[in-house]
Structure formats: structure tokens, C-alpha cells
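# Commentary on secondary and tertiary structure
Each chain, written out:
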Amino acid sequence: MTRRLLWPLLVLALLLALNVAVNPAFLAVQIKDGHLYGSLVDILRFGAPLILVSLGMTLVIATGGIDLSVGSVVAISGALACLQISQDAGVFTAVAVALALSLALGVWNGFLIAGVGIQPIIATLILMVAGRGLAQLVTDGQIITVNSPSYKLIGGGYLLAVPFSVLLVLAVLAVTAFLTRRLALGMLIESVGGNAEASRLAGIRSRGIVVTVYAFAALCAGIAGLMISSNVSSADGNNAGLWIELDAILAVVIGGTSLAGGRFSLGGTVLGALIIQTLTTTVYSIGVPPETTLLFKALVVAAVCLIQSPAFRAKVFRRRGRPAAEPAPEKKAEVPA
Amino acid sequence: MLVLAGVTAMAMASCGGGGGGGTAAGDDKITMGFSQVGAESGWRTANTKSVQESAKAAGIELKFSDAQQKQENQIKAIRSFIQQRVDVIAFSPVVESGWDTVLKEAKNAKIPVILTDRAVDSPDTSLYKTFLGSDFVEEGRKAGKWLVEEFKDATGTVNIVELQGTTGSAPANDRKAGFAEVIQADPKFKVIASQTGDFTRAKGKEVMEAFLKAHPDIDVLYAHNDDMALGAIEAIEGAGKTPGKDIKIVSVDAVKDGMQALADGKINFIVECSPLLGPQLMDLAKKVVKGEQVPARVVTEETTFTQEQAKQALPSRQY
């Protein structure tokens with residue numbers, strides 16, 4: 001475990017401790033109806049779509065870009081899959097069509113950014129706005145309810161007592177980690193993020209890398225969309241994945257990936273997403289009134305960002321006269337809070 | 001431009017009695033300009049359909065405009081209705097404030113205005129003739145009354161969890177207030193947890209999962225709309241409990257999926273929040289055009305559904 005994951009881990013532990021203080025049985029996990037049951041399982045299960053979207057976002061941000069359209073892709077993917085199933089298409093076909101379209105949307109983003117040269121925030125903003133309209137077009141503005149046990153498995157089912165969505169996330173995480181950390185892809189992504197032009201001159205196909213990461217981000221969002229709609233057996237074009245892009249960016253930042261690009265941490269992102277989901281569950285469990293929920297979340301996030309900033313830590317600890325905590329070896333603040 | 005000219009010509013023709021836009025009856029046909037919020041939900045789509053169909057049935061010519069949830073579109077639509085000299089303007093305001101100027105223009109043009117579904121916060125009530133829509137507080141009261149009746153023989157504490165609508169929205173505030181007003185009369189009713197589920201199934205499920213773990217002894221779920229109740233039902237089933245039996249569920253709206261769950265015994269009681277206000281709107285429109293007095297507040301005709309009633313109503317449910 002590297003040192004930079006220490007602080008997010010600490011925050012996660014503190015949040016869990018707060019829950020245990022209010023409800024001592026919070027950490028208990030039991031077997032109910034043949035599957036795991038408990039608050040921790042809920043955090044993983046409801047956090048699964050966010051972790052996926054955040055993984056895609058991590059690689060996008062590592063190239064110095066950003067993808068605002070993932071929330072819309074979530075909505076489109078779920079809507080398309082549910083529409084197909086409601087028209088008696090097979091689940092496999094529905095999933096394949098939804099993921100293929102997600103991938104195509106990601107390639108479109110990548111084309112606008114790498115091919116046409118539009119700034120990432122603008123290029124993906126187009127799909128963010130238009131995509132939600134597309135999702136509403138697919139669902140005809142209605143909520144499509146489906147009744148398919150095999151589709152239900154993706155986001156709401158269990159395999160060997162473990163939530164299927166969690167297994168799916170683990171698989172995607174393993175593949176991503178292998179591709180980026182065991183093969184050279186991760187280094188190529190970081191070099192494009194560090195300096196796209198220099199990497200191109202050094203012989204890296206920058207454009208190809210950029211298109212790849214946006215396609216990957218959209219694919220992750222597509223899978224997340226399937227999970228979200230499958231979990232409630234219905235597709236809601238208006239609300240599915242609404243603002244998930246912001247949560248995903250936050251998760252990436254909490255995990256220590258710099259928004260400036262050039263480096264990334266997959267483990268940090270997973271931790272960041274788990275912190276966000278734990279925070280949400282905490283709000284429900286300890287009964288924070290809805291009117292103050294946003295303030296509560298903002299305070300926790302601000303605290304997370306501050307505690308991760310070496311500059312902030314150095315200042316606070318110096319004031320307390322503890323020179324041991326002085327060093328702050330990193331050149332860059334881990335989190336531009 | 002051509003279309004506008006055509007429309008104006010038609011409006012003039014009908015004002016002149018008979019001719020181009022003439023009706024079978026040959027008398028002055030009422031023209032109504034209606035500006036809808038958008039098409040953001042099944043409820044809203046049913047609302048639009050109801051207005052369009054009842055206008056046809058009532059022989060009223062409807063100029064329909066979809067604001068796509070933007071106030072500026074709605075103001076534009078109302079101005080164009082004024083220019084077209086429609087006989088009456090009806091609209092569902094996207095937001096509560098900022099309507100004074102455009103409504104004054106309508107008033108100066110002597111075109112009566114009817115608000116539907118949502119209110120405006122202008123202190124000058126002379127700007128519109130009437131407000132036709134659901135009474136969200138009353139909906140909350142109806143849910144509360146059912147609960148009091150259902151548990152009248154219960155001796156112990158009745159633990160209630162509440163799934164609120166979007167924080168700060170009028171239906172969420174009012175449905176919470178009306179419900180609280182009724183149940184507070186008896187101290188055995190206790191709301192042990194209340195969180196927002198944003199009116200969506202996904203959030204309803206997520207919040208209910210957390211409720212079920214934090215509070216093992218839930219007797220009743222009160223959901224501010226059917227969608228959240230439908231999400232919560234999945235959470236309850238996942239926790240190995242039977243929705244409708246182990247945990248009684250009361251919700252508001254009566255959309256088709258909700259009615260299906262009610263008929264299946266998974267929900268116990270639904271308070272209707274009907275989008276089908278078209279017929280009432282057309283009656284009001286005819287009255288205000290004739291210059292008759294109408295009440296400043298008209299509540300949509302709504303009912304409540306038990307499981308038995310849901311089974312009967314389900315086949316003919318429109319939305």
C-alpha cells in the first residue's frame with residue numbers, strides 16, 4: 001500500500017467508525033436467502049456503478065482530459081437495453097447493443113477531441129446535453145419497466161452469494177490494472193497526459209491513445225448504466241446516472257489522480273468511489289436530515305481534500321509544533337483543493 | 001411567419017363567426033393557448049394527452065407549446081399567444097417566480113389566464129383567474145388518514161419510515177406536512193427515519209436498503225410517489241421481508257406500475273394525484289371566456305385506491 005492511499009483509507013475508516021458508533025451492528029454481514037446481506041454489501045453494490053464510471057474517468061483524466069458525458073451514456077445504455085428487452089429481444093442481444101452504442105459514443109467523443117481538436121470539456125459537454133435527450137427519446141419520456149430475471153442479475157443479482165455487480169467491477173478492475181500496469185499502456189497514457197505533442201514526437205500514437213481512453217470511459221459508463229437500470233428493473237431516461245460524472249471526477253480526485261493529467265492511481269480511485277458511496281449510506285443510516293445532507297457531504301469532502309494536501313498538512317502540523325510531520329516531499333499538491 | 005399569419009387569419013375568421021376555421025356549430029370557437037412544462041415524466045405525458053383530448057372533445061381549439069422545462073420558452077410562448085389573440089391562456093409554470101411582467105401583458109390584452117398543476121408566487125392574484133391543480137397537503141392527509149384507520153386497533157408503537165420527494169419541491173414539502181399533521185394526533189405513530197429518494201426508483205431502493213439495516217423494526221413505509229415505493233419494494237424483498245405484509249406501504253400518484261403493485265398486494269394504499277385535469281380545465285376555460293366568476297382555487301378531482309379498487313381500475317388505467 002503506497003503512502004498516498006493512506007489518507008483516503010483513513011477517511012474511509014473514520015466514516016465507518018462513525019456508522020458503528022451510531023449503529024453497532026453496521027459492520028455485520030450475514031447470509032440471508034442464500035446471499036450476503038449487510039450495510040457493507042450495500043456500499044459495494046450501490047457503489048459498483050460509480051466505481052466503474054470512475055475507473056474510466058481516471059484514465060481520461062490521466063491523459064489531461066475530462067469526460068462529462070458519462071452520465072448521459074449511463075442513461076442511454078440502460079434505456080436501450082430495457083427497450084430491447086421490453087420488445088422481447090434476448091438479454092444478451094440487448095446488452096450487446098447497449099454496450100456497442102456506448103462504445104460508439106465514446107469513440108465519437110475521442111474523435112471530437114483527438115481528431116477535430118475540440119477541448120475535452122466542450123466536446124463531452126455536447127454529448128452530456130444531447131445524450132440525455134437521446135435517452136429520453138429512446139424511453140419516449142416514460143419509465144420502461146422490464147421483467148427479466150437474467151437481466152436483473154447484472155445489477156441486482158448474486159453469483160455464489162456475492163453481488164454480481166461487485167464481481168463485474170472486480171473483473172473490469174483486474175483487466176484495467178493488467179493493461180495499464182503490467183503492459184505499457186498505462187505509461188503511454190501518462191506520457192500523453194504529461195505532454196501529448198512530446199509523446200507524439202517520441203513515437204507514441206497520441207490520438208489513438210486518446211480515442212481509446214474515451215471509448216473505455218464510455219464502455220464503463222455503459223456497463224454502469226446496465227447495472228443501474230437492472231438493479232431496479234426499469235430505465236429512467238431522466239434520472240439514471242444524473243450527475244454521476246461529478247461524483248466520478250470527485251472520486252478520481254480524492255484518489256490522488258491529478259486533474260492536470262500525467263499520472264493516475266486506480267486503487268485511489270476505487271477508494272475515492274467507496275468513500276463517496278459510504279458517505280451516502282452514512283447519511284441514510286445515521287439520519288442526517290435531507291435539508292442538510294448536501295452541507296454534510298460538502299464538509300466531509302472538503303476535509304478529505306484538505307487532509308490530502310501536503311501543503312495543508314505541513315502548515316497545520318507545523319503550527320502544532322510537530323516538525324516530524326514537516327517533510328511534504330511531493331512536488332505537486334496531491335489534490336488541488 | 002407564414003404559419004403565424006395563417007393562424008392570425010384563422011383566429012380573426014373565428015372571431016368573425018364561421019368561415020375559415022369554422023366549427024360545426026357555427027358559433028364562436030374558443031381558442032386556448034396552452035404552455036406545458038415539458039415531457040419529463042409519464043405523469044406529465046398523461047397530463048398533456050388529457051389536455052389535448054379534452055380540448056378536442058369540448059370543441060376548443062388548442063394551441064399547444066412545449067417549454068422543455070425552460071421558463072424563457074414559456075414566456076415566449078405566452079407572448080406569442082397574446083399576439084395571436086387567443087381567447088384564454090393556460091399554463092403549468094416551470095418555476096414559481098418571475099411571471100409578473102408577462103402576465104401583466106396578458107391582462108392588458110384582456111386575455112384571461114388559468115394556471116394548471118403548479119402555482120406562481122406573485123402577490124397580485126388579479127393576474128390570473130384561477131389555479132387548477134392537486135392539493136399536495138390534502139394528499140398527505142389522505143395517506144395519514146388511511147394509516148390511522150389501518151392501525152386503529154394497534155396498541156404498540158407504529159414505526160414509520162418516510163421516503164420524501166426531491167428536497168425543497170412543493171409536493172415533497174406538502175405531502176410531508178399533510179401526513180405529519182394527521183398522524184401527530186396519536187403518539188403511537190412515530191416517524192423513525194425520513195430521507196429524500198428524489199422521486200426515483202433507484203434512490204428509493206438505495207435509501208430503503210439503508211433504512212432496513214439501520215432500523216430492524218419498520219412497520220410502515222410512506223413514499224411520496226409510486227416510483228420510490230417500487231424501488232423500496234425491491235429492497236424489502238431483498239431483505240427477506242414481504243412488502244404489503246411485514247411492512248405496509250402507502251404512496252401517492254397512482255401511475256400504472258404503482259397500481260399494478262397495489263393490485264399484486266405489494267402496496268397497501270395509494271392516494272391518487274391525477275394528471276387528467278383536461279376536462280376540468282376546459283370547463284373553467286369556457287366559464288372565464290364567458291366572463292363568469294370562477295373560484296380562485298380549483299382542486300383536481302382525485303380519489304384513493306385500495307388493493308381491491310386497484311384490481312378493478314387497472315385495465316382502464318391510462319398512464
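Conventions adopted
- Residues numbered from 1 in each chain as written.
- Chains lettered and ligands numbered in written order.
- Predicted model: local features only at pLDDT ≥ 70, side-chain atom pairs only at ≥ 80, totals over all residues.
- Helix = DSSP H or I, 4+ residues; strand = E, 2+ residues; numbered from the N terminus.
- Rg over C-alpha atoms; globule rule 2.2 N^0.38 Å.
- Buried ≥ 20, exposed ≤ 12 C-beta atoms within 10 Å, placed from the backbone.
- Contact = placed C-beta atoms within 7 Å.
- Domains from an automatic or database assignment.
- Pairing = 2+ DSSP bridges.
- Axes fitted to C-alpha atoms, helices over the stretch in contact; angles between N-to-C directions.
- Nonpolar A, V, L, I, M, F, W, Y, C, P; charged D, E, K, R; others polar.

## A look at the overall build of chain A
Across its full length, chain A holds 14 helices and 6 strands. Whereas a compact globule of 337 residues would reach a radius of gyration of roughly 20 Å, chain A reaches 20 Å, a difference of no more than 12%. Expressed along its principal axes, the backbone C-alpha trace of chain A runs to roughly 70 × 60 × 40 Å. Expressed as a percentage of its 337 residues, the buried residues of chain A come to 52%. Within chain A, contacts between residues separated by at least 24 positions form 76% of all contacts whose residues are at least 6 apart in sequence.

## Re the domain arrangement of chain B
Here chain B is described as being made up of domain 1 (12-17 + 26-134 + 275-301) and domain 2 (136-273). Once you take the C-alpha centre of each, domain 1 of chain B and domain 2 of chain B turn out to be 33 Å apart.

## Description of unusual backbone geometry
Despite not being glycine, A:Leu160 has its phi angle at roughly 55°, a positive value. Classification of A:Leu160 as exposed rests on a count of 9 C-beta atoms within 10 Å. Positive phi outside glycine occurs at B:Phe199, with the angle close to 65°. In this structure, B:Phe199 sits in the loop between strand S7 (189-196) and helix H7 (201-214).

## Considering the sheet that holds strand S2 (residues 61-66) of chain B
Residues and elements named next belong to chain B. Reading across the sheet, the 6 strands line up as S2-S1-S3-S4-S5-S11 and stay open at both edges, with parallel pairing between neighbours. A strand with exactly one partner marks an edge of an open sheet, and here the two such strands are S2 and strand S11 (297-299). Each adjacent strand pair in this sheet contributes to an overall mean axis angle of 20°, direction not counted. Alignment of strand S1 (residues 31-36) against strand S3 (residues 88-91), held across 4 bridges, turns out to be parallel.

## With respect to the interface of chain B and chain A
At the interface, 26 residues of chain B touch 25 residues of chain A. Secondary structure elements with two or more residues in the side of chain B that touches chain A: helix H2 (42-57), S7, H7 and helix H8 (226-238) of chain B. Top contributing element to the side of chain B that touches chain A by residue count: H7(B), with 10 residues. The residue inventory of the side of chain B that touches chain A, partitioned by class, reads 7 nonpolar, 10 polar and 9 charged.

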